Number of protein chains: 4
Amino acid sequence: MKEIRVGVLGYGLMGKVHSHAYRVIPVIYDDHALNFTLELACLCGRSREAVSKRAASFGFKSYETDWRAMVDRDDIDVFDNCGPDSVHVEPTIRAAESGKHVVCEKPLALTTDDAYRMLEAVKKAGVKHLCGFHLRFLPAIQLARRLLDKGALGRVLHVRAAFLEDPVANTDLFARHRPGPPVSGTIGDLGSHAIDLLRFLIGEPEAVAALTRDVVQSEEVSIDDVFVAIVAFKNGVIGTLEASKFAIGRRSSLELQIYGEKGSMMFDLASLNYLRVHMAESGPQDLDIEGTRHINVTDPTHPYAKYWWGAGHGLGWGDAFVNELFHFVSCVVDGTDISPLGATFEDGYKAVVITDALARSARSRKEVSITY
Amino acid sequence: MKEIRVGVLGYGLMGKVHSHAYRVIPVIYDDHALNFTLELACLCGRSREAVSKRAASFGFKSYETDWRAMVDRDDIDVFDNCGPDSVHVEPTIRAAESGKHVVCEKPLALTTDDAYRMLEAVKKAGVKHLCGFHLRFLPAIQLARRLLDKGALGRVLHVRAAFLEDPVANTDLFARHRPGPPVSGTIGDLGSHAIDLLRFLIGEPEAVAALTRDVVQSEEVSIDDVFVAIVAFKNGVIGTLEASKFAIGRRSSLELQIYGEKGSMMFDLASLNYLRVHMAESGPQDLDIEGTRHINVTDPTHPYAKYWWGAGHGLGWGDAFVNELFHFVSCVVDGTDISPLGATFEDGYKAVVITDALARSARSRKEVSITY
Amino acid sequence: MKEIRVGVLGYGLMGKVHSHAYRVIPVIYDDHALNFTLELACLCGRSREAVSKRAASFGFKSYETDWRAMVDRDDIDVFDNCGPDSVHVEPTIRAAESGKHVVCEKPLALTTDDAYRMLEAVKKAGVKHLCGFHLRFLPAIQLARRLLDKGALGRVLHVRAAFLEDPVANTDLFARHRPGPPVSGTIGDLGSHAIDLLRFLIGEPEAVAALTRDVVQSEEVSIDDVFVAIVAFKNGVIGTLEASKFAIGRRSSLELQIYGEKGSMMFDLASLNYLRVHMAESGPQDLDIEGTRHINVTDPTHPYAKYWWGAGHGLGWGDAFVNELFHFVSCVVDGTDISPLGATFEDGYKAVVITDALARSARSRKEVSITY
Amino acid sequence: MKEIRVGVLGYGLMGKVHSHAYRVIPVIYDDHALNFTLELACLCGRSREAVSKRAASFGFKSYETDWRAMVDRDDIDVFDNCGPDSVHVEPTIRAAESGKHVVCEKPLALTTDDAYRMLEAVKKAGVKHLCGFHLRFLPAIQLARRLLDKGALGRVLHVRAAFLEDPVANTDLFARHRPGPPVSGTIGDLGSHAIDLLRFLIGEPEAVAALTRDVVQSEEVSIDDVFVAIVAFKNGVIGTLEASKFAIGRRSSLELQIYGEKGSMMFDLASLNYLRVHMAESGPQDLDIEGTRHINVTDPTHPYAKYWWGAGHGLGWGDAFVNELFHFVSCVVDGTDISPLGATFEDGYKAVVITDALARSARSRKEVSITY
């Protein structure tokens, strides 16, 4: 049993949900798959009072108040960056350079240049890298990928992706419009999740055209609150892509619809234990039960299900991170690839490129090609 | 092309929806199945002003203000009784005795004796008879029956049926609790629909135990507003049966769930163009798409669908009557049996027997056996 | 009571559903609102055998096999064009010129020039004109409009509209790709419905950018089967607009989502008796029941509901035409305006302009401005 | 900060989900409410190999293979019995007698006598006691209780409760029918959850009448697989109560519907982050948006929500135990009452009494009164 020692930067929502995952992994994956132990080695945050309190309750052995101190420590194998957008770049690069395997929340960076630097750094360092697109690790999304890989839908024609959130689900909505460290808009924040899922499930986009809307009026900071886009994929699929932080009533809804020649799939994050699948069937004339199957993705045969609570006992949002970080740590321990199931910094970089293209298209009112 | 001349008693909601059906049948069934013409011969009601006005707008050639006058006319082939509960018996019997084929809305009668007299009368007269359990003629219900007939669910084990309505859907709710001609309570009014569907889909009940609740307090009239019951069927199925006129938020919801060894079915009148079917499947380990199929019952292969608007274009509540009365008139014209698809007076009588047993059980707090 | 005599061109699905509506109007609207009688004067179609049979079963007094003959008759007040796309223009213009009030199914025409000619003709003739965007007359859509007119959602920010159909719902899907009279693609056929609803509910579009996909490969005829678009509205709203005839599992689903600063609304044609409304509320801290209201649009206060079957008794797809043509005939009789509730030829023309802009954008891969 | 040392008996599903909860509590409740630390002191199971392995991965400091050894240890404050039904009684009583606060999974015992002995034991010992009806600690259920406490529904009239599971969700379904230690049937296993929720939300039952069905035929062991019942409550409410382990397609669905004079509520465990509430409203005539509110129970004002992931980020099934055991440990630390939010052994005993009454009614085919 190898021990993996983890250092986490940040104790906000992301730091909390990652810490939760590291504590839960050994309980959930016990019966089947566990060939490592996890040590929550260090939690890092700027406020000594807060970080010491959180480190204790989250179960970390130690804490730091300067990320450089944590990143330079010898007793850490994995550096997990859950800090604000503006501190994704330097700590992550330095951790990679000092040989740590790295996890970084999305968006990987606020500019394509920074994202590219991060990608180059992890490649050069030869460490494992994961960009925090945790939605890939929902069982329903993994099942969707599995079905697509098997060609269950035939040739895919058309896709729709929309990440819609209510203002009450965005506690920092108005803060984002005040001067301060740069932050991503809705395209980068919510859109990047949808972008990654489209790349994970459909393929590479070739070109996009977008419109944005700034709902919160601010003299100092202009940032998109809603965006809509069309996407042409290299494989001929066409689709829409949109996100909003002003979608009242959609607390946190990532709607995904995929239409192929032989069937379709629908997913909604607001009902995350379900995948809806409709297969065009050709039954006997008088016994037609073709319908949209609402699949409760908790059966023993479903992705990750055998490790969890049993058929019918659904997962929560936080549980996606348990699956994600189990995958990451397993790859670290076993020397296997993060891809294609997990998102690497290459995926993170590409999401930033597409994010950037969407923003440029919205400004220029012209179609923008995607080139990595 | 045979002409069938129809006389309708009553121009309230039931008279309206039956008249609507007779007008619509030739349009809908034109392409395929029509071997008769319909004449709306006579509408009958007590108020001359109202009935004359309605007769004109509904398209009837004439009207009467005394049901005896209509029933005795020679130019009527079908007598359709849409009057209040208290005038179901005598006009229908007299119409049958004078050789009319008869339709009577449910509940057939308010007592088992009356219902039995009606059944005897139509048998003796040798006329066609239909009791207005129109829900059988929803495409989803017919599909359910078809699937059950084929054994799609295997041995049926357990059934749930509840007809739940909001007070706003029951405009006569409080009137029923005032002195006047006797009327059926919730057991007879809503419950009888559920009873008929259970007999249509599951089989004959052997015994029932029930509880009732009178919500509206009235010194003069005691009538059940809510009832709950358990039912043991002769074939071993067990189930619950209930109805309420005080189910706020359920505008008109007949929920039906049927569980068998190989699968299950669910239906809700509030979403009448859908049947949900779940078949236990045994697919490959890693491609599990077993799910609850939400079937939009409008495909060309579905019951009645080829006559209607085409796949995806759903029917309304009133359209069930179009299918029902088309079936009835076709049987009249072709000399074929109303049963098993349609409900006869025998079904109407049996529903009254079960209704009566439920009421007796609620009073006695004892299980009551069903004997016809 | 004024009598309105109707001539209908075409006895396919559209001819059938319009004929159905004319027969049903007097039954449904009887109690309340009827100040006219309807005569189904003449049905027109090219095959004598078919049209004579249909005329009889639909209840028309006569039939014609040449549209010119019908249009020139004196005993017709309303000409209702339910013919194929390619015969919308000339018969409708000639009917208007001869003083008939005119109804024409959508798309009004296949070119903006033709649509403009039709608009000019009805204006010059001074007749009433209706373009068959029947979805406006679903109670849920009328309720949506009513709520928007009252400002219930506050400033509207973002809209999503997608009309998705399964190939089984498009019996002429492959025929459209064979040489013959020109027909509209998915943009014109399904998209135009979504376009009209967006104009009805949101406002005038300013510019669009679109992508299309031809799924059915045909050497002779190129026609769009799927399209996706983004739309900038003059009032600042941004949105997506798309349609597909290859959306397996969506038998006939027009999904509409409208997001405003104070609330949101959702509608799906696949569940047409419901409107979902979510209002941002501010209740007491510990009694939070803010939620997405699933409104069964059949209460007495809902649009058209008082004429129909009562609370909880939903309408079918065909019933939208009953409301639509009742509105039209009432306007003819009363001399009132078809607008804003109904769609006029001006709305029909504008829909063609937007359709054309979408197609041009898809070809040029550039944003196209909308100018009428 | 007080330290609470926990000993858990059993490492099957229940042992796993309780251990998960103890590990997660400090992470989730950190920010707000935590005034204790938790030590996973000891895990107990019969197989040394298995229990040692599980103790390590679950994070326990030690393990035992004999429950007496664990129960008698001095370094344990809380004894949590997650063992099979047949070992609920003796270990729990001995733990209470030795001064441990006790948690015991449901059903508390297999006979009313045993359950009563357990209740007497904890009362005499003066320790805190919790019976594992974790469903009370779903936010939606707590919200339902809060609304009922405030009288939001007015006088409650009618309730429906059904716990329906698919055979695939019951891995021990057939084992239960083989000879071995006694186990509860569906009434005790699933029914007891529904019984507890009815007592928690509605009140005390007065009498029940039930039917059962044994689906699995076994010569040696007769055990109910499906049951249906009617319930009369002391406060006049009437309702149905049922459960099945042969409900194909309902992976784990506890459907609960509560109808009162002013509104209704619906909950389904299969969609556990939602509560549906319908309030009878009286808005202006033409702006009727009364509807069934689908409430995503994750807003900051909702029960437990402020401790978790934020609005829109739903919980999973396992997370109910986190809330439940946090409540229990907090009561231990603060000396506050487990009741009324949590279920005590008194609630556990009463559930067994009702379970027993249901079974007796099914055998006798007579109504059975409930007396504790």
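Conventions we followed
- Residues numbered from 1 in each chain as written.
- Chains lettered and ligands numbered in written order.
- Predicted model: local features only at pLDDT ≥ 70, side-chain atom pairs only at ≥ 80, totals over all residues.
- Helix = DSSP H or I, 4+ residues; strand = E, 2+ residues; numbered from the N terminus.
- Buried ≥ 20, exposed ≤ 12 C-beta atoms within 10 Å, placed from the backbone.
- pLDDT = per-residue confidence, 0-100.
- Contact = placed C-beta atoms within 7 Å.
- Nonpolar A, V, L, I, M, F, W, Y, C, P; charged D, E, K, R; others polar.
- Least-squares fit on C-alpha atoms with pLDDT ≥ 70 in both.
- Pairing = 2+ DSSP bridges.
- Axes fitted to C-alpha atoms, helices over the stretch in contact; angles between N-to-C directions.
- Domains from an automatic or database assignment.

Asker: An account of the overall build of chain A is requested, with residue identities and associated values reported.
Answerer: Looking only at helices and strands, chain A has 10 helices and 15 strands in total. Overall size of chain A, expressed as C-alpha extent along the three principal axes, is 70 × 55 × 40 Å. Counting all 372 residues of chain A, 64% fall into the buried class.

Asker: Tell me what's going on with the confidence of the model for chain A, and back it up with residues and numbers.
Answerer: Residues with a pLDDT of 70 or more make up 98% of chain A, whose mean pLDDT is 94. Both scores are given for the predicted complex: the pTM is 0.97, the ipTM 0.96.

Asker: Give a detailed account of the interface of chain A and chain D, specifying residues and quantitative values.
Answerer: Facing 38 residues of chain A, the contacting portion of chain D comprises 38 residues. Within the residue set of the side of chain A that touches chain D, elements represented by two or more residues are helix H1 (13-28) and helix H3 (48-58) of chain A. Here the side of chain A that touches chain D gets 9 residues from one element, more than from any other, and that element is H1(A). Residues that form the side of chain A that touches chain D fall into these classes: 15 nonpolar, 14 polar and 9 charged.

Asker: Could you give me a rundown of the relation of the copies chain A and chain D, with the residues and numbers involved?
Answerer: Each of the two chain copies can be generated from the other by rotation about an axis followed by a shift along it. After a rotation of 180 degrees and a shift along the axis of 0.0 Å, chain A superposes on chain D with an RMSD of 0.0 Å. Look at the turn and shift together and you get a two-fold axis relating the two. If distances are taken from each C-alpha of chain A to the rotation axis, the shortest is found for A:Gly316, at 1.8 Å. The share of interface residues of chain A whose copies in chain D are also at the interface is 100%, consistent with both copies meeting through the same surface.

Asker: A description of the sheet that holds strand E3 (residues 62-64) of chain C should follow, citing residues and the corresponding values.
Answerer: Residues and elements named next belong to chain C. The sheet built from 6 strands is open, its strands ordered E3-E2-E1-E4-E5-E6 with parallel pairing. Of all strands in the sheet, those bounded by a partner on one side alone are E3 and strand E6 (129-131). The sheet shows a mean angle of 20 degrees between the axes of neighbouring strands, taken without regard to direction. Packing of helix H5 (residues 89-97) onto the sheet brings it into contact with strand E1 (2-9), strand E4 (78-81) and strand E5 (101-104), and relative to E5 it is tilted by some 165 degrees.

Asker: So what's going on with the relation of the copies chain B and chain C? Residues and values would help.
Answerer: Superposing chain B onto chain C takes a rotation of 180 degrees combined with a translation of 0.0 Å along the rotation axis, leaving an RMSD of 0.0 Å. Take the interface residues of chain B: 100% of them recur as interface residues in chain C, which is what a same-surface contact looks like.

Asker: Describe the sheet that holds strand E4 (residues 78-81) of chain B, with residues and values.
Answerer: Residue and element names in this part refer to chain B. The parallel open sheet is built from 6 strands, whose spatial order is E3-E2-E1-E4-E5-E6. One side of each edge strand has no neighbouring strand; the edge strands of this open sheet are strand E3 (62-64) and strand E6 (129-131). Sheet twist, expressed as the average angle between the axes of neighbouring strands with direction ignored, equals 20 degrees. Pairing geometry for E4 and strand E5 (residues 101-104), over 4 bridges, is parallel.

Asker: Which residues make up the domain arrangement of chain A, and what values do they have?
Answerer: All names here are of chain A. Partitioning chain A into structural domains gives domain 1 (2-135) and domain 2 (136-342 + 350-364). Summarising the inter-unit geometry, the C-alpha centres of domain 1 and domain 2 are found 24 Å apart. The interface of domain 1 with domain 2 comprises 35 residues on the first partner and 36 residues on the second. Broken down by secondary-structure element, the contributors of at least two residues to the side of domain 1 that touches domain 2 are strand E1 (2-9), H1, helix H2 (30-33), strand E2 (36-44), strand E5 (101-104), helix H6 (112-125) and strand E6 (129-131). It is H1 that provides the largest number of residues to the side of domain 1 that touches domain 2, a total of 8 residues. Residues of the side of domain 1 that touches domain 2, tallied by class, amount to 22 nonpolar, 9 polar and 4 charged.

Asker: Account for the interface of chain B and chain C, with residues named and values stated.
Answerer: Across the boundary between the two partners, chain B contributes 38 residues, which contact 38 residues of chain C. Here the element with the most residues in the side of chain B that touches chain C is helix H1 (residues 13-28) of chain B; it accounts for 9 residues. Across the side of chain B that touches chain C, the residue classes break down as 15 nonpolar, 14 polar and 9 charged.

Asker: Outline unusual backbone geometry, listing residues and values.
Answerer: Here A:Lys106 and A:Pro107 are connected by a cis peptide whose omega angle stands at -10 degrees. With respect to the helices and strands, the residue A:Pro107 is situated in the loop between E5 and H6. In this chain, D:Ser339 is followed by D:Pro340 through a cis amide linkage whose omega measures -5 degrees. With respect to the helices and strands, D:Pro340 occurs in the loop between helix H9 (319-334) and helix H10 (345-364). Its identity as a non-glycine residue notwithstanding, A:Tyr304 has a phi of 70 degrees, on the positive side. Locating A:Tyr304 in the fold gives a position in the loop between strand E14 (292-296) and helix H9 (319-334). Backbone geometry places C:Arg365, a non-glycine residue, at a positive phi of 55 degrees. Secondary-structure assignment places C:Arg365 in the loop between helix H10 (345-364) and strand E15 (368-369). On the neighbour-count criterion, C:Arg365 (14 C-beta atoms within 10 Å) is partly exposed.

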